[in-house]
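Remarks on the overall topology
These are the residues of each chain, in order.
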Amino acid sequence: MRGKLTLLAGVCASAIAFPAFAQSSDDNTANDAETIIVTAQRANQRLQDVPIAVSAFSTEALEKQQIKNTSDLQLTLPNVTFTKTNFTSSSFTIRGIGDLCVGVTCDSATAIHLNDAPLFGTRIFEGEFYDLAQVEVLRGPQGTLFGRNATSGVVNFRTARPDLSGFGASVEAEYGNYNAVKVKGMVNAPIGENVGVRLAGFYLNREGYTQNLFDNSRIDDRDMYGVRGSIRLEPGETTTIDIMAQYFHERDSRMRIQKQLCQRDPTGVLGCLSGGRPNEMTNSNTTFVGVLTSREFFAIRGLPTAFALGSVYGPDAYAGVANPADTRVVNTDTNPTYFTDELIIQGSLAQELGGGLNLKLSGNYQEVEVDSSQDYNNSVQNRAIYAPALNALAAANAGALGAGLQTYLAPVYRALTPNGAAGQLCTSLAEETGTGAFGGNRVCAMTPLDFDRSNQKHSNWTAEAILSSDWDGMFNFLVGGIYGELHMTENSYYVNSFGIDYFTGVVGAFSALGAGLPPAYLATPFYRNNTDDLKVKTYGLFGEAYFKFNDQLKLTLGIRYNNDEKSISARTTLASFLAPVASTNAFSSPYVGSFDADAGLPGNQLFQNRKVNFSEWTGRAVLDYAITPDNLVYASYSRGYKSGGINPPLSPVFAVPEGFKPEFVNAFEIGSKNQFGNVTLNLTGFYYQYKDLQLSRIVARTSVNDNVSANIWGLEAEAIIRPTPELTVNMSASYLNTKVSEDKMLANPRDFGAGRSDSVIIKDITNGANCAVAPTTAGNAAGANGFVNQANTLINAGAIPGVVGGAGLRPTTGFGAGSGIASTGAFGICSVLEALAPTVGAAFGGVQVYSSGIPVNIKGNKLPGAPDYKFSAGVQYAAPIGEMTLTPRADFVYTGSSTGNIFNGAVNAIDSFTQVNAQLQLDGPDKKWFARVWVQNLFDKDSITGLYVTDQSSGNYTNIFTLEPRRYGITAGLKF
C-alpha cells in the first residue's frame, strides 16, 4: 500500500494548482479528489483533507503550465513572488514575507526542501526542473514539522524515485530562439525484485538574452547541466531504503543584475535623484573614487592637485555616457562570468515497526560553490578626464618631478599604467592576497575598468528522525528531531576599480613618503567584505498530536523547540593600512597593526569574531471540520520563527548594532476546501502579526540589518472547473495588505534630508558618504544653509585643524525641479560640521548634524515584494484525434503593483505586469510520444520582479531584476 500511495503522490499531486493533469488510470476521474495525494504534513494525505494552504504540481503539470524553473513557479501561485537579488542569491516572498535580510548569517524566510530535507544556500533555483515527482508550496509559517526559519512557508521539491515494477525510460529534446538547446532524459530499471535504479539528467545551452554594444557580444547566456542517480531497496514489505545523489553545474555569462537605472544628479552630491528611474548614469563625482581622487580631497590633505583625477565640480567619468533604453541592451567593457556547482547526497529509511508505528530516518549532505563577476556600473567610463593626472604620474615616473617622487610613484606607474599615460590602464583583480595590481594581480584594458565579484563556498549536513502512528482510534501522533551543521569557508564581495587602485597607489605613496617609510600603497586596493569562517549548528525537537473526535471534527496540536548557534569571523577592508609595494600578502605588512577589524575590543584585530545563540518555542493549533466528505472548513494558529544574526563589520565610518534580533510571526488563518461536482474551490483568509521583521539597508558600503514590526492580511482563492473531460479551466486570485505597524525611524539612503526643505544633504569629500544638517528650529532653512556655507568657508581658508586650505568648496545648491529632493546639497566634511555645530551652529539659530541621515518614520509603509493583487487563469482543451490527442492551452498571469524598498515612494515602485503563455501539444497513442510548440512571455515584456538600491558612495543607483524575455520553440519526446 505504501508504494501505491507514493506513486500517487508523484503522479497525482498537481493538487489545486492543476488537477487536470493529475491523471489517474481513467482520465475521466482525474478530478476525483481521492486521487490527489500530498505530503504537506509529513504523511500521505488527500489534498482536500489537509487544513493547510498548499499548492502542488506534478511533472506533467509543470510542463503543461510551462513552469520550467523556479522563477516560473511564482506565476500561478496566489500571494507568491520570486526574484533574484543583488548578491548571487534569490528570494521567495509568500504572503508578504520574504528575504529582506542581507548577509551570510541571515536565514531564508522560505524554507527550501528537497525530499523533505532542508537545503542551505541552495543553487536549485538556477537550474531547470527535471524528473520531479512533484513540487509542493506551503503558504504560511510552518511552526512544527518544517519549523526552522519557515516564517513565510515551504517549497518542497520531490524527485522521482525508482519504480521496482518494471523498466522505463524517457527522453525529450527542445530547440528555441536564442539557439536554445535543451535535452532531458530518464532511465528506470529494476534489479531483481527488491532493488531499483533511476538515472536522470538535463543539459541546457543557449545564447545570451542581452546584447553588449561594447564588443557586440551576447551575454546572459546559459550553459548548465544536472544529473541525478537514485536507488531504492525494499528488502521486506515493511522496509524501504532510498539513496539519491544529485549534481548541478553551470559556467556561463549569466547576469546577476539586468540593468541599472538612475535619474542623474547634476550636482554630484547624491549621484542619483529620487524623482524617477530613467535610463541614465549616476554622477561618478559622488562615489568613493570620485571624491577621494578629486582636487578638493587632495587639497585638504596637502597633496599635489596635479595628481588628482578630476574635480567634484567638474565633468565625471560618466558624463555624456549613454545607458541604452532597451532593458536587454548594455554597453559594458567587462562581460559577466558565472560559475556554480552543487552536490547533494541523501539517504532515508522508512520502517513499519508494527502496532501502527512507523519510523523514518533521513540524512542530507550538501556542498555548494558559487563565483560571479559583473561590471559594477554596466557601462564604460570616459578616461579623457584622467589624462592630466596620468601625464603627471608619467612625469613622476620619468624623474621629471624629482628623485623623491620617482622613488615612491614609479611603482604605482608600473602597476597601473605600464605603457604610459595613453596606454592600457590596469585594475586589481579580486583576489585573496589583498595586493591586487601592486602584487601583479591585475587586468589591463584601454578603458578604466570597474567590476565586482561575489563568491561563496560552504558545506552542510542534516539528520532527522520521525516516529509516527497510524492507529484506528481517535488519537495519533508524530514526534521527531533534526540536527544540522553548516560550515562556510569563504564568502566575499569585492568591488574593484581603476579609480580605487589609483587612489590607493598615489595616496598610499604620498602617505609613506610623508611618514618616512619605504614605498607603499593602501591595502586593500579594492573593497572586500569577507567572511573567512562561518559555523552554524542547529537542532529542533518537534511533535504533533491529532485528535479525531468523530468522522467530521479533528484537532491538531503541534509544538517545536528551535535552537540555532552561529559563530563568524569576518572583516571589511578598503584602503585600510599601508603595505610595502613588494608585499606578497598585504596582511603580512609591518603596518597592518593600524587596521582594526573589531573596534569593540581593545587593541587591533585582523578579524571580528562573534558568536550568538537563539532558542525559541513555536507551534500550531488547527481545528478542521468536514461538513461533507467533499467540503472542509478549518481555522488555525501558527507561530513562526526565524533566527537572528550578526551584522557584517563596517569600514570605520558609521557604527551600527552588531547583530539583529530573531523575527516572529503569529499567523491566524481560516479556510475552506470544497469539491462541487466538477468544480474545485478553495478559499483562504489570513492575518499575521509580524514582530521584528529583519530588514536590510546600506551603511558605509555594507548591508546591515534592522528589525521592524508589521501587520499582514490577505485573501486567496483557487478554482478548477472541468465542465467536460476535455475542457479544463484553472484560476487563482489573491489580495494582500502589508503595513509596518510600529513607529520606526530610519534614514532613507535615497534622501538623507528626509524630504525636508530646511535641511542640507552633505557629500563628505573624505569618504564618499553622506550626512545631513537640519536646523534645531524647524523651517529655518536659511540657518542650516548659512551654517554649511560658513563651515565650507573655514575649510577653504585652512582654519580647521588638520585640514589644509584651498579646497574651493562651493555654497549649497538646489537639486532642481522634478528631483524628488526638497533639501539643498553641498560637498563638505561631516566631521568638521559635527565639530562646529555647537559653536558656529549657534550663530545660525542652532543646527544638528545627522551622520546617518535624518530618520523618517516608516510606520504604515508597505513591505517590499508584496503585490496587492494577483490573478492567473489557464484554459486547455484536449481534443481526441483518433488515438492521438491535440491539446491547445493558454495561460494568463497578472501581478499587481508592489514596492522594492521599505521607504516606498514612486522611485521604489514596481509596476504591475502581465504574462501570457501558450502552447499546442500533440500526444501519440497511450502518450508514448509527444510534440509541442510553445511560446512564453508572448508579448515580450521586461517585467521587473525586484530592485536593490545601492550605497551613497556608489552613486545611489537602482539595480533591477526581471523575468526572462519572450521565448519560443518546439519540444518533442518519447517514453519507453
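Report follows, based on the coordinates. Throughout this document, residue positions are counted from 1 along each chain, in the order its sequence is written. Given that this is a predicted model, residues contribute local features only at a pLDDT of at least 70 and side-chain atom pairs are listed and counted only at 80 or more, while totals for whole chains, interfaces and linings are drawn from all residues. Each side-chain value is derived from all of the structure's non-hydrogen atoms; neither hydrogens nor water enter the calculation.

**Here's the deal with the overall build of the protein chain**
Put simply, the test is: Secondary structure elements follow DSSP: runs of H or I of four or more residues count as helices, runs of E of two or more count as strands, with numbering from the N terminus. C-alpha atoms define the radius of gyration, and 2.2 Å times the number of residues to the power 0.38 defines the globule rule. Each residue is assigned to one of three classes by its accessible area relative to the maximum for its type, calculated with a 1.4 Å probe on protein chains only: buried under 20%, partly exposed between the two thresholds, exposed over 50%. Contacts are assigned to residue pairs with any non-hydrogen atoms lying within 4.5 Å of each other. Using a 1.4 Å probe, accessible areas were evaluated by the Shrake-Rupley method; residue-level cover was limited to the displayed protein chains. In this tally Asp and Glu are treated as negative and Lys and Arg as positive; neither His nor the chain ends contributes. We put the charge of a Lys on NZ, of an Arg on CZ, of an Asp on CG and of a Glu on CD.
A count of helices and strands for the protein chain gives ten helices and 53 strands. By the compact-globule yardstick of 30 Å for 976 residues, the protein chain fits well, its C-alpha radius of gyration being 30 Å. Counting every position in the protein chain, which comprises 976 residues, the buried fraction comes to 61%. Within the protein chain, residue pairs in contact and separated by at least 24 positions form 70% of the contacts whose partners lie at least 6 positions apart. Carbon and sulfur atoms make up 58% of the accessible area of the protein chain, which amounts to about 33800 Å² in all. Distance between charge centres in the protein chain, computed from 72 positive and 87 negative side chains, equals 3 Å.

**Observations concerning the state of the cysteines**
This is how it is decided: We call a pair of cysteine sulfur atoms a disulfide whenever their separation is within 2.5 Å.
Inspection of every chain in the model, using the stated rule, returns three disulfides. A disulfide bridge connects cysteine 262 with cysteine 272, and the sulfur atoms are separated by 2.0 Å. Judged by the sign of its S-S torsion, about -115°, the bond between cysteine 262 and cysteine 272 is left-handed. Residue cysteine 262 is located in the loop between β17 (259–261) and α4 (288–292), and its partner cysteine 272 is located in the loop between β17 and α4; the two are separated by ten residues in the primary sequence. An identical accessibility class is assigned to cysteine 262 and cysteine 272; each is buried. Across the disulfide, cysteine 771 is cross-linked to cysteine 830 (sulfur-sulfur distance 2.1 Å). With the S-S bond torsion at -95°, the cross-link from cysteine 771 to cysteine 830 turns out left-handed. Of this pair, cysteine 771 sits in strand β39 (residues 770–775) while cysteine 830 sits in helix α10 (residues 830–836), placing them 59 residues apart in sequence. Taken individually, cysteine 771 and cysteine 830 each receive the classification buried, so the pair is uniform in this respect.

**Regarding the packing of aromatic side chains**
For clarity, the threshold we go by: Only rings of Phe, Tyr and Trp enter the pairing, Trp through its six-membered ring, and a pair is recorded when the two centres are within 6.5 Å. The plane angle decides the type: under 30 degrees is stacked, over 60 is edge-to-face, the rest tilted. Our definition puts a charge over a ring when NZ of Lys or CZ of Arg is within 6 Å of the ring centre and also within 35 degrees of the ring normal.
Enumeration according to the criterion identifies 32 aromatic pairs in this entry. Relative to phenylalanine 510, the ring of phenylalanine 307 has its centre 5.7 Å away and its plane inclined at 65°; by these criteria the two rings are edge-to-face. Of this pair, phenylalanine 307 sits in the loop between α5 (295–300) and β18 (329–330) while phenylalanine 510 sits in helix α8 (residues 498–515), and the two are 203 residues apart along the sequence. Side by side, phenylalanine 307 and phenylalanine 510 carry an identical accessibility label, which is buried. Between tyrosine 561 and tryptophan 617, the aromatic rings sit 5.1 Å apart at their centres with planes inclined by 55°, giving tilted as the arrangement. Taken as a pair, tyrosine 561 in strand β27 (residues 553–573) and tryptophan 617 in strand β29 (residues 608–628) lie far apart in primary sequence, 56 residues in all. Against the face of tyrosine 130 rests arginine 228, its NZ or CZ located 4.2 Å from the ring centre.

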